[in-house]
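The chain contents come next:
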Amino acid sequence: MGDLLLVRHGETEWSMSGRHTGSTDVPLTDNGREQARRLAPLIARHHIAAAFVSPMRRARETAQLAGVGGARVDADLSEWDYGGYEGITTVEIHRERPDWFLFTDGVTAGPAEHPGESPEDVGARAERMLARIDAALAESEGSVVVVSHGHFLRVLTARRLGLTAQCGALFQLGTGTMSRLSTEHRRHVVAGWNVRPDAYCSHGPPTPAGELPEQQ
């Protein structure tokens, strides 16, 4: 069975400021577009059998710039529905709910078209998506790439590893990164996490997002 490649979309103005971005269709920043382009060589190392992408513009543009062709748009790859917390930062929420934590508490109710999701709701979407991914993996010896959003991909990873949706909190994920879930002795494992091409030198292996290469 091939690997599952997880791509988080590039930077947006809202991701820079920490605003919860679910249904709001904000575009990539110029830096976010460059992050997406730099992912292309990482993805090209793999034989891609199938690709799926969130319907949101920031994800679809990332897929295009990263060279992920023919990706199938799937609504189950959408970001967590933040309900009444859409566009609000965690700092702002903590002013009223100091102990609030997304992965355990979910969100406050929003408008009818975006009422919000609990961790279990997002976990159920992740399970449906994993079923489609496994079907694609079974049809080919290649890998599957999905281009989606930070919080959803963290829950997807937790469920892939047999953990609860709440355990998505354990997997920090930066913008413009690729992660790889594989198997070892027929068990799902993390084979690479939060990786982006090294922005600080033109050679050497990629480094995890947010970390500088070691000084030689």
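Scroll up to find the structure.
What is the right way to read the overall build of the protein chain from this model?
Secondary structure assignment for the protein chain yields 7 helices and 7 strands. Mapped in sequence order, the helices and strands of the protein chain form the string β-α-α-β-α-β-α-α-α-β-α-β-β-β. Scaling as 2.2 N^0.38, a compact globule of 216 residues should have a C-alpha radius of gyration of about 17 Å, and the protein chain matches this with 17 Å. With the C-alpha coordinates aligned to their principal axes, the bounding extent of the protein chain is approximately 45 × 40 × 30 Å. Counting every position in the protein chain, which comprises 216 residues, the buried fraction comes to 49%. Just so you have it, the protein chain exposes about 10700 Å², and 49% of that area is on carbon and sulfur atoms.

What is the right way to look at the packing of aromatic side chains in this model?
The geometry of an aromatic ring pair is captured by the separation of the ring centres together with the interplanar angle, meaning the angle of the planes. A complete count under the given rule lists 4 aromatic pairs for this structure. With centroids separated by 5.6 Å and ring planes inclined at 85°, the aromatic side chains of Trp-80 and Phe-103 adopt a geometry described as edge-to-face. With Trp-80 in the loop between β3 (72–73) and α4 (90–96) and Phe-103 in helix α5 (residues 102–105), this residue pair connects regions lying 23 residues apart in the sequence. According to the relative accessible area criterion, Trp-80 is buried, its value standing at 0%. Under the relative-accessibility criterion, Phe-103 is labelled buried at 2%. Measuring from ring centre to ring centre gives 5.8 Å for Phe-101 and Phe-103, while their planes differ by 50°; the resulting arrangement is tilted. Residue class for Phe-101 comes out partly exposed when judged on its relative accessible area of 40%.

Hey, could you run me through the pairing of strand β1 (residues 4–8) in this one?
The side chains of a regular strand alternate, residue by residue, between the two faces of the sheet. Counting buried positions over the 5 residues of β1 gives 5, a clear majority of the element. Burial along β1 is two-sided: the residues Leu-4, Leu-6 and Arg-8 and Leu-5 and Val-7 are all buried. As paired strands, β1 and strand β4 (residues 143–148) are joined by 5 bridges and run parallel to one another. Considered in β4, the bridge of Leu-4 is made with Val-144.

Mind showing me how you'd approach helix α7 (residues 150–160) here?
Structurally, the α-helix is built with 3.6 residues per turn, so residues lying three or four positions apart point the same way. With respect to burial, α7 is a largely interior element, 10 of its 11 residues being buried. For α7, every residue scored as buried is listed here: Gly-150, His-151, Phe-152, Leu-153, Arg-154, Val-155, Leu-156, Thr-157, Ala-158 and Arg-160. If you follow the buried residues of α7, they end up packed against β1, α5, α6 (119–138), β4, β5 (178–184) and β6 (187–196).

Just checking my understanding: could you explain the nonpolar core for this structure?
Nonpolar side chains in soluble globular proteins tend to end up buried together. Within the largest apolar cluster, 32 residues are counted, with the highest numbers of intra-cluster contacts made by Phe-52, Ile-133, Val-144, Val-146 and Leu-156. Breaking this core down by element, the ones donating at least two residues are β1, β2 (48–53), α5, α6, β4 and α7. Core analysis: the next-biggest nonpolar cluster, separate from the first, contains 15 residues, Ala-59, Val-68, Val-145 and Val-195 among them.

Help me understand the environment of Arg-125 in this model?
Of note, Arg-125 is situated in helix α6. What makes Arg-125 buried here is its relative accessible area of 7%. Put simply, Arg-125 and Arg-186 are 61 residues apart on the chain and 24 Å apart in space, counted from C-alpha to C-alpha. Side-chain polar atoms of Arg-125 contact the side chain of Glu-117, separated by 2.9 Å.

So, how was this worked out
- Residues numbered from 1 in each chain as written.
- Predicted model: local features only at pLDDT ≥ 70, side-chain atom pairs only at ≥ 80, totals over all residues.
- Heavy atoms only, no water.
- Helix = DSSP H or I, 4+ residues; strand = E, 2+ residues; numbered from the N terminus.
- Rg over C-alpha atoms; globule rule 2.2 N^0.38 Å.
- Buried < 20%, exposed > 50% of the residue type's maximum accessible area, 1.4 Å probe, protein only.
- Areas by Shrake-Rupley, 256 points an atom, 1.4 Å probe, with all protein chains shown as cover.
- Phe/Tyr/Trp six-rings, centres within 6.5 Å; stacked < 30°, edge-to-face > 60°.
- Pairing = 2+ DSSP bridges.
- Contact = heavy atoms within 4.5 Å.
- Core = buried A, V, L, I, M, F, W, Y, C linked by side-chain atoms within 4.5 Å.
- Polar contact = N/O pair within 3.5 Å; in protein donor to acceptor, adjacent residues only side chain to side chain.

Geometric values such as these leave the question of function open.
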